[in-house]
Every structure is written in structure tokens, then in C-alpha cells.
Amino acid sequence: MSDKVKVAVLGATGMIGQRFVQMLEDHPYFEIEGLYASERSEGKRFADALKVRDYVYKQETLDMRIKKMDTKHISEACRVAFSGIPSDLAAETETDLAQKGVAVYTNAGSHRMDAHVPIIVPEVNTDQFESIKDQETYSNGGYIVTNANCSSTGIVVPLKALMDAYGLNQVFVSTYQAISGAGYPGVPSLDIVSNVLPFISHEEEKMESELAKMLGTYSMGSFNFADFKVMANCARVPVIDGHTESLVLDLKDTPSLQEVADTLASFRGEPQKLGLPSAPEAPIIVRTEENRPQPVFDVYAGTPVRARGMASTVGRIRQSNGYYKMWVVSHNTLRGGAGGSILNAEYAYRKGLL
């Protein structure tokens, strides 16, 4: 009889759901109780719904059958639900599960800006876990913790390192986002091949609000947003996995470029101090080559093996007209998706919140 925490994967036929399954195989804390999706997928083998192409699942995982979403059953069988369902469906389902006593760790955006729901990246703001105690369902054991939008996640750890060391006045970010960020099958090929799409619905607004929430504080029952300004431009590019982001920063102090690089490379957060299973040993990897980072080389940055794709890679650190400039690459469906929620739940497990 396993003493691991029983978990459900919601949206197991989708890209993020399948990344959850990938990261939960042989997990030291968690055991998959069931894979859940819509009624039309009920009874399918997991193998018959595969969308992840760069990971080989165990045969016993491939043979698992998809179950129809049943919040009553999930609440009776599982302590945790990892949610990879679309935002329009997530709001009601996740609320129902929390009301039934389930701890919900979600990639969906439905609840990110709710009054007592944190957006957690545990290298950045584990103190905001305090907010779950103010959720109405907490006394019943249920609560909701979100991870950030995939483009916000890639840069928030470098921003945290620099904000703590030097202060932040303004953040200008331009994103070059992978197709997989749009879910499966992504963007129609006739739209994206040999093209750049300079509009992703609500993406810029999400980045501008989420970064301020995560890098702010939670006290006296409310979130206090950080006071720096964020200006975002977001585009979709013909890359399968890996968001590339251009940062231009107005810092309060004027460190040297070497000091900036050293601050980023030496940064460690709570997941590293606790040795969480999916935490990269170094959450920020600094490259010195003139043509890095690139998704093709850097999207799977992070060690040990369980943390592949969980580090942000920063390169081309420069200074111009009083601003600091750099490029960042991160894996949008691992660190920016399922992996972020897994890491959040690992932290909660170690801190007795499960």
C-alpha cells in the first residue's frame, strides 16, 4: 500500500495534462489515482490520446484509461487535483473541487486574479501561500493555487533576483512564444509557418498584472501589487517549445554587467534550499555566448533529470542608455505549465499544507 499522496490529473488528453503525467511518473511524493477528461474521451487509453512527442511514457501509464470528470469521485479518492483543463471550464470545476476539500494546483488562468488565490512561483513568492488560509474552502481542506501565465513564469525568477538586489522601476518585455503555448494542435499551419503573429489574446494584459501580483506582497487579507511598471508586447512564432523573451529593465541601482550576471547565476530560492524533487539546482542559467539563449539549445535547461526544462536561461546581458538588456528562454509547458504546478505542490507537501 503506497503512502504517497493520491492525485488526479484533469485534462489528461491535453498538452499540459500530459506534461503533468510526465512529471508525476515515479514521483517521490505523489501517485496518480486517475486521468480525467471530458465525456467524449472516457474509456480511451492514454496512449491513444498522446500529444507529447519528446518523452517516452512507461507502458503502465500508456495503458491507463481516461475517466470522465467527476468531482465527487475525485474528492473522495484524491487529496490533490492537478488541473490542465481550459480556462473556460476550469473556473467552475476547480471551485467545485475546492468546495469538496481538494487542494487544486492549476495551470488555468480562471482564478489567478481572485482576491485570495495566489499565483505562485516558489523561487519568488512562497510567502503568498498564506493567502490560501483566507479562502472560504480552506477550513474544509480545499483551496486553489495557480501558476502563472507561461510567458510571465519564464522571466519572473530573473526579475525577482534583480529586484531584490537592485530594485526595479520599469520592465519592458517582448515575447516570442512557442506554438505549444496555444495548446494542441496549436495555431493553424497556414497562419504560423514562415510567419509571426503579433497578437495573443489577453497575453499582454496577463503579463502586466500577474508579474505585479507575484512580485508584490500579501498581508491583512489582500494582495499588494509591486509598484514597478510592466509594458509587454507578445507574439507567436513558429517554434514548437520554448518561449524567448527580450527584457529591457530600468533598475533603481546601477550595477556592473558582471554584477548582474553574478546575481542571476547565484540566485537560489526556497525550492533549491529544500531540495524539492522538480526544482532545478540552479533556477537561472547565465550564458555568455553572443548568440544564446536559443530554444533549440536551451529549452531543456535544468538539472537533475527530473528538473529538465525547469530553469530559465539568460544571455546577452548588456547596458544601453541607462537600461539593462537581456534575453531569456524557458520551457513553456514544463516550467511555464505543468512543472510549475508540480513544484508548487511539492513545496506545499514539504510545508504540511497537504
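A brief report on the enclosed structure follows.

Procedures and definitions
Residues numbered from 1 in each chain as written. Predicted model: local features only at pLDDT ≥ 70, side-chain atom pairs only at ≥ 80, totals over all residues. Heavy atoms only, no water. Helix = DSSP H or I, 4+ residues; strand = E, 2+ residues; numbered from the N terminus. Rg over C-alpha atoms; globule rule 2.2 N^0.38 Å. Buried < 20%, exposed > 50% of the residue type's maximum accessible area, 1.4 Å probe, protein only. Contact = heavy atoms within 4.5 Å. Salt bridge = Lys/Arg side-chain N within 4 Å of Asp/Glu carboxyl O. Pairing = 2+ DSSP bridges. Phe/Tyr/Trp six-rings, centres within 6.5 Å; stacked < 30°, edge-to-face > 60°. Lys NZ or Arg CZ within 6 Å of the ring centre and 35° of its normal. Axes fitted to C-alpha atoms, helices over the stretch in contact; angles between N-to-C directions.

1. A look at the overall build of the protein chain
On a plain count of helices and strands, the protein chain comes out with 11 helices and 14 strands. Relative to a compact globule of 354 residues, whose C-alpha radius of gyration would be 20 Å, the protein chain shows 19 Å and is just as compact. Scored against the burial criterion, the 354 residues of the protein chain give a buried share of 56%. Counting only contacts in the protein chain whose residues sit at least 6 apart along the sequence, the fraction spanning at least 24 positions is 77%.

2. Side note on the pattern of salt bridges
Under the counting rule described, the total for this entry stands at 17 salt bridges. For Lys 67, the salt bridge goes to Glu 33, with nearest N and O atoms at 3.2 Å. Here Lys 67 is found in strand 3 (residues 66–68), whereas its partner Glu 33 is found in strand 2 (residues 30–37), with 34 residues between them in sequence. Classification of Lys 67 by relative accessible area gives partly exposed; the value is 30%. The closest approach of N and O atoms between Asp 164 and Lys 160, which form a salt bridge, is 3.3 Å.

3. Remarks on the pairing of strand 14 (residues 323–330)
Regular strands have side chains that alternate between both faces of the sheet. Both strand 11 (residues 243–251) and strand 14 contribute to a ladder of 7 bridges, which runs antiparallel. Looking at the pairing, Leu 247 lines up with Met 326 of strand 14. Pairing between strand 13 (residues 312–320) and strand 14: 6 bridges, direction antiparallel. Across the sheet, the residue bridging to Arg 318 is Lys 325, located in strand 14. As consecutive antiparallel partners, strand 13 and strand 14 are separated by 2 residues, and within that stretch Asn 321 has a phi angle of approximately 55°, a positive value.

4. A closer look at the packing of aromatic side chains
Under the counting rule described, the total for this entry stands at 14 aromatic pairs. Taken together, a centroid distance of 6.0 Å and an interplanar angle of 85° make the contact between Tyr 29 and Phe 30 edge-to-face. Judged by centre distance (6.3 Å) and plane angle (45°), the rings of Phe 82 and Tyr 105 are tilted. Of this pair, Phe 82 sits in strand 4 (residues 80–83) while Tyr 105 is found in strand 5 (residues 103–106), placing the two residues 23 residues apart along the sequence. Pair check on accessibility: Phe 82 and Tyr 105 agree, each one buried. If you follow Lys 213 out to its NZ or CZ, it ends over the ring of Phe 223, 4.3 Å from the centre.

5. Points about the sheet that holds strand 11
Taken in spatial order, the 6 strands line up as 10-7-11-14-13-12 in an open sheet, and their pairing is mixed. Of all the strands in the sheet, just strand 10 (229–236) and strand 12 (284–286) have a single pairing partner and so form its edges. This sheet shows a mean twist of 25° between the axes of neighbouring strands, independent of strand direction. Along the sheet, helix 5 (residues 150–166) makes contact with strand 7 (168–177), strand 11, strand 12, strand 13 and strand 14, crossing strand 11 at roughly 25°. Sitting on the sheet, helix 8 (residues 257–266) is in contact with strand 12, strand 13 and strand 14, with an inclination near 165° to strand 13.

6. Remarks on the pairing of strand 13
Bridge count between strand 12 and strand 13: 3 bridges; the pairing is parallel. Looking across to strand 13, one finds that Ile 285 is bridged to Thr 313.

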